[in-house]
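Inside the fold
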Amino acid sequence: MKVREIICKRWILSRRVKAITLFPFIFFQGQPSPTDKSHEYVHVEQIRRMGVVRFYLAYLWYSVRVGYWDNPLEREAYEKQRP
């Protein structure tokens with residue numbers, strides 16, 4: 001399934017959140033930097049590898065258990081993102 005990027009002029013999420021992947025969409029707050037774009041596409045790879053339901057359940061589980069910065073899915077995305 002093709003991923004669609006959406007640039008949001010009005011952002012309802014926190015100003016610290018620059019983008020969010022809600023497969024098959026990636027929502028960006030304004031024009032994305034190459035790094036932000038790369039980070040979100042790592043999440044797309046993870047979703048394709050794990051499946052949509054499993055990815056979001058795992059993401060939620062890790063976020064509650066260990067927090068955002070220690071979430072293995074986020075750590076992988078930060079390690080693989082390209083500037």
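From a predicted model like this one, the values you see are computed outputs, not experimental measurements.

Procedures and definitions
Residues numbered from 1 in each chain as written. Predicted model: local features only at pLDDT ≥ 70, side-chain atom pairs only at ≥ 80, totals over all residues. Heavy atoms only, no water. Helix = DSSP H or I, 4+ residues; strand = E, 2+ residues; numbered from the N terminus. Buried < 20%, exposed > 50% of the residue type's maximum accessible area, 1.4 Å probe, protein only. Contact = heavy atoms within 4.5 Å. Areas by Shrake-Rupley, 256 points an atom, 1.4 Å probe, with all protein chains shown as cover. Lys, Arg positive; Asp, Glu negative; His and termini not counted. Charge placed at Lys NZ, Arg CZ, Asp CG, Glu CD. Pairing = 2+ DSSP bridges. Axes fitted to C-alpha atoms, helices over the stretch in contact; angles between N-to-C directions. 1 Å grid on protein atoms, 1.4 Å probe; cavity = no way out; pocket = protein on both sides within 12 Å on 5 of 7 lines; lining within 4 Å. Points joined across faces, edges and corners; volume = space filled by probe spheres on them. Nonpolar A, V, L, I, M, F, W, Y, C, P; charged D, E, K, R; others polar.

On a plain count of helices and strands, the chain comes out with 3 helices and 3 strands. When the elements of the chain are put in sequence order from the N terminus, they spell out β-β-β-α-α-α. Along the first, second and third principal axes, the C-alpha set of the chain runs to 30 × 30 × 25 Å. A buried classification covers 33% of the 83 residues belonging to the chain. By sequence separation, contacts in the chain at least 24 residues apart represent 36% of the contacts at least 6 residues apart. Accessible area for the chain stands at about 6100 Å²; split by element, carbon and sulfur atoms hold 58% of it. Positive and negative side-chain charges of the chain, numbering 15 and 8 respectively, have mean locations separated by a distance of 6 Å.

This brings us to the sheet that holds strand 1 (residues 4-8). With respect to topology, 3 strands assemble into an open sheet ordered 1-3-2, the strand pairing being mixed. Of all strands in the sheet, those with a lone pairing partner are strand 1 and strand 2 (19-22), marking the two edges. Between one strand and the next, the sheet's axes are offset by a mean angle of 20 degrees, whatever the strand orientation.

The alternating pattern of strand 3 (residues 25-29) places Ile26 and Phe28 on a buried face, while none of Phe25, Phe27 and Gln29, on the opposite face, is buried. Pairing analysis gives 5 bridges linking strand 1 to strand 3, with the strands arranged parallel. Paired with Cys8 across the two strands is Gln29, which belongs to strand 3. Alignment of strand 2 against strand 3, held across 4 bridges, turns out to be antiparallel. Residue pairing in the sheet places Thr21 in a bridge with Ile26 of strand 3. Here strand 2 folds back onto strand 3, and the loop between the two strands holds 2 residues.

We now examine the layout of surface pockets. Empty space within the largest pocket amounts to approximately 610 Å³. As for the largest pocket, its lining consists of 22 residues, of which Ala19, Glu40, Tyr59, Tyr68 and Glu74 are closest to the centre. Within the lining of the largest pocket, the residues separate by chemical class into 11 nonpolar, 6 polar and 5 charged.

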